[in-house]
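# Residue-level structure breakdown
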Amino acid sequence: MKQVIAKPVRIAGGVLGGLIAGTVFKHAWKLASGKDEPPEADSTRYGWGEVLVAAALQGAIFGVVRAAIERAAARDD
């Protein structure tokens with residue numbers, strides 16, 4: 001029975017984590033660059049450097065949030 005309940009909880013945690021990470025990234029990008037929106041990878045208005053820095057920052061934030069959620073949900077069974 002625990003497994004039946006655990007899967008939807010993990011899915012909900014992943015969705016919530018994605019929303020949190022997206023919000024944190026947007027705020028971090030605004031603080032770092034002074035711009036409201038991060039660059040899209042396929043936008044020609046931005047240079048390679050800005051696009052790659054934004055992608056690295058986004059990946060780092062998503063990785064930390066995911067690890068925090070997984071760690072919080074970890075249990076010794």
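Our subject in this report is the structure included herewith. (Residues numbered from 1 in each chain as written. Predicted model: local features only at pLDDT ≥ 70, side-chain atom pairs only at ≥ 80, totals over all residues. Heavy atoms only, no water.)

## Quick look at the overall build of the protein
Tallying secondary structure elements over the protein gives 2 helices and 0 strands in all. Relative to the compact-globule value of 11 Å for 77 residues, the protein shows a C-alpha radius of gyration of 16 Å, a clear excess of over 25%. Across the 77 residues that make up the protein, the buried fraction comes to 16%. Put simply, 50% of the contacts in the protein that link residues at least 6 apart link residues at least 24 apart. Carbon and sulfur atoms make up 64% of the accessible area of the protein, which amounts to about 6,200 Å² in all. Each charge class in the protein can be summarised by its mean position, and for the 10 positive and 8 negative side chains these summaries are 7 Å apart. (Helix = DSSP H or I, 4+ residues; strand = E, 2+ residues; numbered from the N terminus. Rg over C-alpha atoms; globule rule 2.2 N^0.38 Å. Buried < 20%, exposed > 50% of the residue type's maximum accessible area, 1.4 Å probe, protein only. Contact = heavy atoms within 4.5 Å. Areas by Shrake-Rupley, 256 points an atom, 1.4 Å probe, with all protein chains shown as cover. Lys, Arg positive; Asp, Glu negative; His and termini not counted. Charge placed at Lys NZ, Arg CZ, Asp CG, Glu CD.)

## Comments concerning a nonpolar patch on the surface
On the surface, a nonpolar cluster with roughly 550 Å² of combined accessible area is contributed by Ile-11, Val-15, Leu-16, Leu-19, Ile-20 and Val-24. Locating Leu-16 in the fold gives a position in helix H1 (residues 2–33). (Patch = residues over 30% accessible without salt bridge, like charges linked within 9 Å, V, L, I, M, F, W, Y side chains within 5 Å. Salt bridge = Lys/Arg side-chain N within 4 Å of Asp/Glu carboxyl O.)

## A word on the pattern of salt bridges
Inspection of the entire model under this criterion finds 4 salt bridges. A salt bridge links Glu-37 to Lys-26; the nearest nitrogen and oxygen atoms lie 4.0 Å apart. Here Lys-26 lies in helix H1 and Glu-37 lies in the loop between H1 and helix H2 (48–73), a separation of 11 residues in the sequence. Classification of Glu-37 as partly exposed rests on a relative accessible area of 46%. Its relative accessible area of 43% is what places Lys-26 among the partly exposed residues.

## Topic: the nonpolar core
Core analysis: the biggest nonpolar cluster contains 6 residues, these being Ala-21, Phe-25, Trp-29, Ala-54, Ile-61 and Val-65. Of all elements in the fold, only H1 and H2 reach the threshold of two or more residues within this core. Excluding its chain neighbours within four sequence positions, the residues that come into contact with Ile-61 are Ala-21, Val-24, Phe-25 and Ala-28. (Core = buried A, V, L, I, M, F, W, Y, C linked by side-chain atoms within 4.5 Å.)

## A word on H2
The terminal C-alpha atoms of H2 lie 37 Å apart, and with 26 residues this matches the ideal 38 Å at 1.5 Å per residue to within 8%. For H2, the full list of buried residues reads Val-51, Ala-54, Ile-61 and Val-65. (Expected span 1.5 Å × (residues − 1).)

Distances and angles like these do not, on their own, reveal function.
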